[in-house]
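A look at the structure
Here's the letter readout for the chains.
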Amino acid sequence: MCGKQINKSQKQLVEYYDLLADDYNSRWVNFVDNQYKVIKPFAEKVHSNFGTGARIADLGCGVGLNSFILTEHFKYDFNVSCVDVSKEMIKHAQQNSPKAKFYNNCFLEWEPEEKFHGLVAGSFLNQFDSSMAPYVVEKMSDILEKGGYGLVYSSNTADYDDDKKIKQKKDQTKPYVQMIDRLNMTNLLSQFFKVEEYYKGYGKRGWTITIVRKE
Ligand SMILES: C[S@@+](CC[C@H](N)C(=O)[O-])C[C@H]1O[C@@H](n2cnc3c(N)ncnc32)[C@H](O)[C@@H]1O
């Protein structure tokens, strides 16, 4: 199932993110303050419905920005499980967010032992071709408990910085992101979830940030 993603085979995708991992790791701390504001409404909902120790999955965790915030910035003892297809991203995330658990898998092949009370899919859905996106959202719903929440966001403006960096290292120029506008994202998420809340991001780029709930 984890085949082609955004013009890349899975092997190319892993190579791409492995190459970007050190760069992501040199910058992630700069995003913590704004990202805390993005995560807070979701974290409060998960905590108020499922209590201390609620289980949260961080999909495509990268170097661990979201798992760091969830495990270190709230007093709710969230149990965070992170999955990422890139081994190099996971290595950094383990250092940055040592209280979380880590799985080096493609999300679509990941079989977690328990369902979650919340999930974060940050800059994640846009990693998949639109033909695959419904399977990804269906799996997001499958891994959640009934009543569980999802925080789903992705940039809706192009950022080719990553591609430029990769080009310096390797002659590989194809953009890796698929732009997902608010309407498309909401339509897709509504097939599997109740869309509870939409809010704007912080900082320079445009974001679609959505909180969804499994009914
Ligand atoms: C743009 S980064 C986002 C990192 C983090 N979620 C954030 O918001 O800062 C996308 C991450 O998704 C991971 N990824 C892409 N496709 C994946 C898949 N099929 N399964 C698991 N992880 C994947 C990449 O390796 C990369 O670390």
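This text follows the structure it describes.
A brief structural summary. (Residues numbered from 1 in each chain as written. Predicted model: local features only at pLDDT ≥ 70, side-chain atom pairs only at ≥ 80, totals over all residues.)

A word on the pairing of strand 2 (residues 79-83)
- By the criterion of burial, strand 2 is predominantly enclosed, with four of the five residues buried.
- Alignment of strand 1 (residues 55-59) against strand 2, held across five bridges, turns out to be parallel. Paired with Arg 55 across the two strands is Asn 79, which belongs to strand 2.
- Traced from strand 1 through helix 3 (residues 65-72) to strand 2, the parallel crossover comes out right-handed.
- In the sheet, strand 2 pairs with strand 3 (residues 101-103) via three bridges, with the strands oriented parallel. Directly across from Cys 82, in strand 3, lies its bridge partner Phe 102.
- Read as a crossover between parallel neighbours, the route from strand 2 over helix 4 (residues 87-96) to strand 3 is right-handed. (Buried ≥ 20, exposed ≤ 12 C-beta atoms within 10 Å, placed from the backbone. Helix = DSSP H or I, 4+ residues; strand = E, 2+ residues; numbered from the N terminus. Pairing = 2+ DSSP bridges. Right-handed = clockwise from strand over helix to strand, strands pointing away.)

Re the site of the ligand
- Tyr 17, Gly 60, Gly 62, Ser 86 and Gly 122 are the nearest of the 21 residues found near the ligand.
- Counting only elements with at least two residues in the shell around the ligand, the list comes to helix 1 (10-27) and helix 3.
- Its residues placed into classes, the shell around the ligand shows twelve nonpolar, eight polar and one charged. (Near = placed C-beta within 6 Å. Nonpolar A, V, L, I, M, F, W, Y, C, P; charged D, E, K, R; others polar.)

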